[in-house]
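A look at the structure
Listed below, chain by chain, are the residues.
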Amino acid sequence: MGVVLGTLSMHTKQVNFRTDKVDDELEMTMVCHRPEGLEQLEAQTNFTKQELQVLYRGFKNECPSGVVNEETFKHIYAQFFPHGDASTYAHYLFNAFDTRNNGSIKFEDFVMGLSTLLRGTVREKLEWTFHLYDINRDGFINKEEMTEIVRAIYDMMGKYTYPALKGDVPKQHVDAFFEKMDKNKDGVVTLEEFVLACQEDENMMRSMQLFENVM
Amino acid sequence: MAAGVATWLPFARAAAVGWLPLAKKTMPKPPVDKKSRNDEILFVNVSGLRFQTWKNTLDRYPDTLLGSSEKEFFYNEDTQEYFFDRDPEMFRHILNFYRTGKLHYPRQECIQAFDEELAFYGIVPDIIGDCCMEEYRDRKKENQERLAEDTEAENATDTPLPPHSTSRERLWRAFENPHTSTMALVFYYVTGFFIAVSVIANVVETVPCRPPKGSKKDLPCGEKYTLAFFCMDTACVLIFTFEYLMRLFAAPSRCKFMRSVMSVIDVVAIMPYYIGLVMPENEDVSGAFVTLRVFRVFRIFKFSRHSQGLRILGYTLKSCASELGFLLFSLTMAIIIFATVMFYAEKGTKGTNFTSIPASFWYTIVTMTTLGYGDMVPNTIAGKIFGSICSLSGVLVIALPVPVIVSNFSRIYHQNQRADKMRAQQKVRLARIRLAKKGTTNAFLQYKEEGGFQGRGSDNALCLKNRSSFEHQHHHLLHCLEKTTNHEFTDELTFSEMCMTESVGYRTSRSTSISSQQGVATSCCPRRAKRRAIRLANSTVSVSRGSVQELDTLQVHKTSAGPQSRSSLNARTEDLKLNCEDRDFTAAIISIPTPPANTPDESLPPSPAIPGILRNSRPTSFTHETVKISSL
């Protein structure tokens, strides 16, 4: 249980044969993390034991050390979007999953996030999305944050799109979004405004249900 | 796509919930996954090999995977066993660790595979038993060095310059890698030539020339043609000084540069000349001045910048410093011992050469290195006995460290050979990656064309039967992204066609003002002129173009690994534009395509009204298309 610190430390960069200090730097620090028990995770999330097992096996195979850091995460996410550049969006996504803000995702974070997204209530999903958009975690989404998110999403599309991306399409998208969401027109969107506006949107509610059987 | 990535796909799809509030259109229906997840378990153990052990055995090490509750995640209820999809051969060693308390390293396995297994099972390599520790460390060091060469080759100096380099950085780069530009190469060869000239002049200077008229004695050429040699020396020193100052100016860290070996050699090579200039023609001092001239021979070391082999040799000596030190130390010890013995043995002889112990040093050295000049020989019997012992031991003492030095040299030399091979392999690898990337991007577009989104109707079943569920889900994810942004993915050809149709429309409505260079078309089709060439080209060209595009995408990927701040976001898009500008494009209008007279880069005069000359049309040199470029 809990975090186990390996005691082998290795500095990969210092194998510069010009200095030939490899002997001394054959030590490697490996942060190994083990998740809490299966029972606890089952209680905390909306997954069954089997699902958790499957999830963990995949997770462990990819990251034997038990944690995912941002670089690995970006790399993985980028593989799904070879057309464009997914690194910015992956960064925001990583921050959304990394609830404890320590630069790495453990299995618990991973599974909690997934539980919210796949098996949570509508309100929980909207809250999660709100936290994704609220980059600086101040409880408000302002135009700059939204613009960054939208730009990151458009970056994933890459260059070759139809119709071609020209002008400031992200900006227009952001303006449209604010039109819809910002009820009291004060320039920021709060969680309540967000949830209300989304619940009024029929299309979105319907789409949300589609994602339930992803796992 | 890597098989391991499949495990992350559900996660990526779940994260698509984050797009929903932004989506302009409704999301498409996801594909129905008929397979139940639990079926993926194979009812075998560690890939088929069954192991049995006590629970206590595993509990001995509670901070490993098998010893903690983590193994519950791998428990299969149906077969009542723990299943691990790992290498069964390696697992044997892992399990033996639990049994005996000692971890052994199997010599026939790859060190990295072994390390990965250890990482997976949560075992720390420190506890490898003493019997196998040496081997493990050696192999690991070797592997790391090899990997370091890989990364060095990747970050190597052959990468293109970052676009925002100052002239100082460029200069430094030109000095470090003469192959990057022709100017640097020219400078490189010129300095090499002058080094050679300088060294030869130094040598020839001392050769006796025919004496001038009216003198019998042979004069060294240096004194006969003093002026000529002085001029040559001055020229060389000027070049070297200039080079040194340039390097000093361009160096990113001046202090570090000044401390480096090559710079010290440079200074030592040119100092004698300046000291000679400064010093007066004094009798006493000129003796010292002559000594200084000896230092001019150090100019020959400047060749090490030009020769890889010299550098390797120098580096070998440096890395074998300990062996060389040992050699020196043991030789000194032996010399002193034998010199003392020889001195006392020969002390009685009349007229002996062994006048003192330091005088005997010469004899000992000459004998131990088996030179045997014969200018000093022992006469007494005792002296001869000790003399023979001396020569025998000399052979041994010198022979011992030499193989170590030789093996070091050979290792470093081969490493260098390998570096070149690595670079070639790297290119092949990159090409393969590009091809794979193209494959995945094309797969999605093909999927769309085949109308995959109409759902799995029976008429579509034929087309879609060859796709795995992973591909279906992945395409669904990409489709969701399209719906979110209300833009669709296309490929290059369609994109270029669209851009062209738009631009032709533009030409009639806008005037050609240079000032509006940053027209809308830059973001849309910065490589429009290039794209046009594709349309009329054969497929081979589009492949090469594709490779350039892939390279750019690759570059974008590489450069975008930096900190994700807003400014860097903008910088990245600017990088894209800059990439275009590196190829000398500006916005372009295309006039009516007429049959070309000659290749674009020859035909276009660089007049200010017609900027943006297609300069990199080299790969498309056989797709002639007159591209009259003006700006929007």
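Residues numbered from 1 in each chain as written. Chains lettered and ligands numbered in written order. Predicted model: local features only at pLDDT ≥ 70, side-chain atom pairs only at ≥ 80, totals over all residues. Heavy atoms only, no water.

For the record, the criterion: UniProt positions are given in the numbering used here, feature names are shortened, and annotations may be inferred rather than shown by experiment.
Per an unreviewed UniProt entry, chain B is named A-type voltage-gated potassium channel KCND1, and its organism is Cyprinus carpio. If you open the UniProt record of chain B and go to Subcellular location (unreviewed entry), you find "Membrane". In the Subunit (unreviewed entry) part of its UniProt record, chain B is described as follows: "Component of heteromultimeric potassium channels. Identified in potassium channel complexes containing KCND1, KCND2, KCND3, KCNIP1, KCNIP2, KCNIP3, KCNIP4, DPP6 and DPP10."

Per an unreviewed UniProt entry, the recorded name for chain A is Kv channel interacting protein 1 b, and the organism is Cyprinus carpio. The heading Sequence similarities (unreviewed entry) in the UniProt record of chain A holds the text "Belongs to the recoverin family." According to its UniProt record, chain A has this under Subcellular location (unreviewed entry): "Cell membrane".

Describing the overall build of chain B
Counted only if it meets this: Here a strand is any run of E in DSSP of at least two residues, a helix any run of H or I of at least four, and the numbering for each starts at the N terminus. Think of it in three bands: with a 1.4 Å probe and only protein chains considered, a residue is buried below 20% of the maximum accessible area for its type, exposed above 50%, and partly exposed in between. Contacts were defined at the residue level, with two residues in contact if any of their heavy atoms lie within 4.5 Å. Working definition of accessibility: Shrake-Rupley area with a 1.4 Å probe, residue cover restricted to the visible protein chains.
Scanning chain B from N- to C-terminus turns up 25 helices and seven strands. The buried share among the 632 residues of chain B stands at 40%. The contacts of chain B with a sequence gap of at least 6 include a subset with a gap of at least 24, amounting to 69%. Summed over its atoms, the accessible surface of chain B is roughly 35,000 Å², and 62% of this surface lies on carbon and sulfur atoms.

A look at the overall build of chain A
Helices and strands together make up the secondary structure of chain A, namely ten helices and seven strands. The 215 residues of chain A split such that 54% are buried. Partitioning the contacts of chain A with sequence separation of at least 6, the portion at a separation of at least 24 is 57%. Here chain A has roughly 9,100 Å² of accessible surface; of this, 52% comes from carbon and sulfur atoms.

Section: the packing of helix α13 (residues 308–319) of chain B against helix α14 (residues 321–345) of chain B
The condition is simple: Between N-to-C directions, angles cover 0 to 180 degrees, with each direction set by a line fitted to C-alpha atoms, over the stretch in contact for helices.
At a closest axis distance of 4 Å, the pairing of α13(B) and α14(B) adopts a crossing angle of 65°. Between α13(B), through B:Leu317, B:Lys318 and B:Ser319, and α14(B), the contact on the second element is made entirely by B:Ala321, B:Glu323 and B:Leu324.

Regarding the UniProt feature "domain: EF-hand" (unreviewed entry) in chain A
Residues and elements named next belong to chain A. When the UniProt feature table is mapped onto this chain numbering, "domain: EF-hand" (unreviewed entry) sits at residues 85–120, 121–156 and 169–204. Taken end to end, residues 85–120 is 67% helix and 8% strand, and its first and last C-alpha atoms sit 29 Å apart. Between the end C-alpha atoms of residues 169–204 there is a gap of 21 Å, over a span that is 72% helix and 8% strand.

Observations regarding the nonpolar core
The condition is simple: Nonpolar cores were defined as sets of buried Ala, Val, Leu, Ile, Met, Phe, Trp, Tyr and Cys residues, with membership established by side-chain atoms within 4.5 Å.
The biggest cluster of nonpolar side chains holds 104 residues, and the ones touching the most others in it are A:Tyr77, A:Phe81, A:Phe110, A:Met146 and B:Trp19. Considering every element that reaches this core, the biggest residue donor is helix α7 (residues 143–157) of chain A, with eight residues. Not counting residues up to four positions away in its chain, the partners in contact with B:Trp19 are A:Tyr77, A:Phe81, A:Tyr89, A:Tyr133, A:Ile153, A:Met156, B:Leu477, B:Cys480, B:Leu481 and B:Thr484.

So, the packing of α7(A) against helix α8 (residues 169–181) of chain A
When two helices pack together, their arrangement is given by the angle between the helix axes and the distance between those axes. Residues and elements named next belong to chain A. The criterion, for reference: Convention used here: angles under 35 degrees read as roughly parallel, angles over 145 as roughly antiparallel, angles from 65 to 115 as roughly perpendicular, and any remaining angle as oblique. Should the near helix be turned counterclockwise from the far one by less than a right angle, the crossing is left-handed, whereas a clockwise turn marks it as right-handed. Polar here means any residue outside two lists: the nonpolar Ala, Val, Leu, Ile, Met, Phe, Trp, Tyr, Cys and Pro, and the charged Asp, Glu, Lys and Arg; Gly therefore counts as polar.
One way to put it is that α7 packs onto α8 with a least axis distance of 9 Å and a crossing angle of 130°. Taken together, the axes of α7 and α8 lie oblique to each other. Crossing geometry of α7 relative to α8 is assigned as right-handed. Of the residues in α8, those in contact with Lys 143, Met 146, Thr 147, Val 150, Arg 151 and Tyr 154 of α7 are Val 169, Pro 170, His 173, Val 174, Asp 175, Phe 177 and Phe 178. When the residues that make up the contact of α7 with α8 are grouped by side-chain class, the tally is eight nonpolar, two polar and three charged.

Digging into the environment of A:Asn46
Residue and element names in this part refer to chain A. Defined as follows: Here a polar contact means two N or O atoms within 3.5 Å. Within protein one must be a hydrogen donor candidate and the other an acceptor candidate, and residues neighboring in sequence count only if both atoms are side-chain atoms.
Considering the arrangement of structural elements, one finds Asn 46 in the loop between α1 (38–44) and α2 (49–62). With a relative accessible area of 40%, Asn 46 lands in the partly exposed category. The spacing of Asn 46 and Ser 115 is 69 residues in sequence and 5.7 Å in space, taken between C-alpha atoms. With near-sequence residues (within four places) excluded, Asn 46 lies in contact with Ser 115, Arg 119 and Gly 120. A distance of 3.1 Å separates a polar atom in the side chain of Asn 46 from the backbone oxygen of Arg 119.

Focus on unusual backbone geometry
Residues and elements named next belong to chain B. The backbone phi angle of Val 46 is positive, close to 20°, even though this residue is not glycine. As for its position among the elements, Val 46 is in the loop between α1 (9–15) and α2 (55–59). With relative accessibility at 3%, the residue Val 46 sits in the buried group. Even without a glycine there, the phi angle at Gln 80 is positive, about 55°. Tracing the sequence through the fold places Gln 80 in the loop between β1 (75–76) and β2 (81–82). Residue Gln 80 is classed as exposed on the basis of its relative accessible area, which comes to 56%.

Some remarks on the UniProt feature "transmembrane region" (unreviewed entry) in chain B
Residues and elements named next belong to chain B. According to UniProt, the positions carrying the feature "transmembrane region" (unreviewed entry) are residues 183–204, 224–245, 257–279, 324–345, 357–373 and 385–406. A distance of 31 Å separates the end C-alpha atoms of residues 324–345, which is 100% helix and 0% strand. Strand forms 0% of residues 385–406 and helix 91%; the C-alpha atoms that close the span are 33 Å apart.

A closer look at the packing of aromatic side chains
All names here are of chain B. This is how it is decided: Only rings of Phe, Tyr and Trp enter the pairing, Trp through its six-membered ring, and a pair is recorded when the two centres are within 6.5 Å. The plane angle decides the type: under 30 degrees is stacked, over 60 is edge-to-face, the rest tilted.
Throughout the structure, instances matching the rule amount to 50 aromatic pairs over all chains. Judged by centre distance (5.4 Å) and plane angle (55°), the ring pair of Phe 91 and Tyr 121 falls under tilted. One end of the pair, Phe 91, is in helix α3 (residues 88–100); the other, Tyr 121, is in the loop between α4 (111–120) and α5 (130–154), with 30 residues separating them in the sequence. By relative accessible area, which is 5% here, Phe 91 ends up buried. The class for Tyr 121 is buried, based on a relative accessible area of 0%.

Structural notes on the pattern of salt bridges
Inclusion rule: We define a salt bridge as a contact between a side-chain nitrogen of Lys or Arg and a carboxyl oxygen of Asp or Glu at a distance within 4 Å.
Applying the stated rule across the entire model yields 25 salt bridges over all chains. Its salt-bridge partner being A:Glu51, residue A:Arg119 comes within 2.4 Å of it at the nearest N-O pair. In this pair, A:Arg119 sits in helix α5 (residues 107–119) while A:Glu51 sits in helix α2, placing the two residues 68 residues apart along the sequence. The partly exposed category is assigned to A:Arg119, whose relative accessible area is 27%. Here B:Asp266 and B:Lys302 are joined by a salt bridge, their closest N and O atoms 2.7 Å apart. With a gap of 36 residues between them, B:Asp266 in helix α11 (residues 261–278) and B:Lys302 in the loop between α12 (283–294) and α13 connect regions that are remote in the sequence.

So, α13(B)
Residue and element names in this part refer to chain B. So the rule is basically this: By this rule the span expected of a helix is its residue count minus one, scaled by 1.5 Å. This arc is built from the directions going out from the helix axis to the C-beta atoms.
With twelve residues, α13 ought to run about 16 Å at 1.5 Å a step, and its terminal C-alpha atoms sit 16 Å apart, in line with that. Restricting attention to buried positions, one finds in α13 the residues Ile 312, Tyr 315 and Thr 316. In an axial view of α13, the angular spread of the buried residues amounts to 105°, which keeps them on one side of the axis. If you follow the buried residues of α13, they end up packed against α17 (402–449).

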